[in-house]
Amino acid sequence: MRPRKDAARKDAVIQIRAPAGTKDMLSRAAHLRGQKLSEFVLDSARRQAEETILDQRIFFLDADAHEKFLDLLDARTSRPKNFARVWPISPSGSADVRW
């Protein structure tokens, strides 16, 4: 039988200490998901790490690129075709979207 493509070799060790109450809560949540405690903690930490990395909003631009970026942000765009079908309600909650 061939190994699964997504099966990564698990040779790194992560050790953490936690209060008993926190461990109990994590164990309960892992049980509710049908996971081992270590699987649950690792999966939760990995998702949080991905979110943190993807949430980075700091980037550096030279003066010209910064001006172009600001122009793009300030540019008014037209409403895409079929917009109402995809987004029938405006972010404010009103169904009447005016562009």
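Residues numbered from 1 in each chain as written. Predicted model: local features only at pLDDT ≥ 70, side-chain atom pairs only at ≥ 80, totals over all residues. Heavy atoms only, no water.

Engineer: I tried to follow the overall build of the protein chain on my own but got confused; where do I start?
Structural biologist: Within the protein chain, the secondary structure is distributed over four helices and zero strands. For the protein chain, the succession of helices and strands along the chain, N to C, is α-α-α-α. Taken across its 99 residues, the protein chain has 6% of its residues classed as buried. By element, 57% of the accessible surface of the protein chain is carried by carbon and sulfur atoms, the whole surface being about 10100 Å². (Helix = DSSP H or I, 4+ residues; strand = E, 2+ residues; numbered from the N terminus. Buried < 20%, exposed > 50% of the residue type's maximum accessible area, 1.4 Å probe, protein only. Areas by Shrake-Rupley, 256 points an atom, 1.4 Å probe, with all protein chains shown as cover.)

Engineer: Looking at this structure, how should I read the packing of helix α1 (residues 20-33) against helix α2 (residues 37-54)?
Structural biologist: For any two helices packed against each other, the geometry is given by the interaxial angle and the distance between the axes. Packing of α1 against α2 leaves a shortest axis separation of 8 Å and a crossing angle of 95°. Put simply, α1 runs roughly perpendicular to α2. On α2, the residues that touch Lys23, Leu26, Ser27, Ala29, Ala30 and Arg33 of α1 are Leu37, Phe40, Val41, Asp43 and Arg47. (Axes fitted to C-alpha atoms, helices over the stretch in contact; angles between N-to-C directions. Parallel < 35°, antiparallel > 145°, perpendicular 65-115°, else oblique. Contact = heavy atoms within 4.5 Å.)

Engineer: Help me understand helix α3 (residues 63-74), please; the structure alone is not making it clear to me.
Structural biologist: Spacing of three or four residues puts side chains on the same side of an α-helix, whose turn is 3.6 residues. With twelve residues, α3 should reach 16 Å at 1.5 Å per residue; the first-to-last C-alpha distance of 17 Å fits that figure. In this structure Asp62 caps α3, since a side-chain oxygen of it lies 3.2 Å from the backbone nitrogen of Asp64. (Expected span 1.5 Å × (residues − 1). Polar contact = N/O pair within 3.5 Å; in protein donor to acceptor, adjacent residues only side chain to side chain.)

Engineer: How should the confidence of the model for the protein chain be read in this particular structure?
Structural biologist: For residues with low pLDDT, the predicted coordinates do not support detailed interpretation. Chain-level pLDDT for the protein chain is 83 on average; 79% of the residues reach the 70-or-more range. Across the protein chain, element-level confidence peaks in α1 with a mean pLDDT of 97 and bottoms out in helix α4 (residues 83-86) with 70. (pLDDT = per-residue confidence, 0-100.)

Engineer: What's the story with the layout of surface pockets in this structure? I'm lost.
Structural biologist: Over the atoms, a rolling probe the size of a water molecule traces out where space has been left empty. Computed from the structure, the largest pocket encloses a volume of approximately 770 Å³. Along the wall of the largest pocket there are 20 residues; nearest its centre are Ile14, Ser38, Glu39, Val41 and Leu42. At the level of elements, α1 and α2 are the ones that each hand at least two residues to the lining of the largest pocket. In the lining of the largest pocket, the residues fall into ten nonpolar, two polar and eight charged. (1 Å grid on protein atoms, 1.4 Å probe; cavity = no way out; pocket = protein on both sides within 12 Å on 5 of 7 lines; lining within 4 Å. Points joined across faces, edges and corners; volume = space filled by probe spheres on them. Nonpolar A, V, L, I, M, F, W, Y, C, P; charged D, E, K, R; others polar.)

Engineer: How should a nonpolar patch on the surface be read in this particular structure?
Structural biologist: Among the surface-exposed residues, Phe59, Leu61, Phe69, Leu70 and Leu73 lie close enough to one another that they form a single nonpolar patch of about 440 Å² accessible area. Tracing the backbone through its elements, the reader meets Phe69 in helix α3. (Patch = residues over 30% accessible without salt bridge, like charges linked within 9 Å, V, L, I, M, F, W, Y side chains within 5 Å. Salt bridge = Lys/Arg side-chain N within 4 Å of Asp/Glu carboxyl O.)

Engineer: Please explain the side chain of Asp43 as it appears in this structure.
Structural biologist: Take Asp43: it is sitting in helix α2. Once you skip the residues sitting within four places of it in the chain, Asp43 turns out to touch Arg33 and Gln35.

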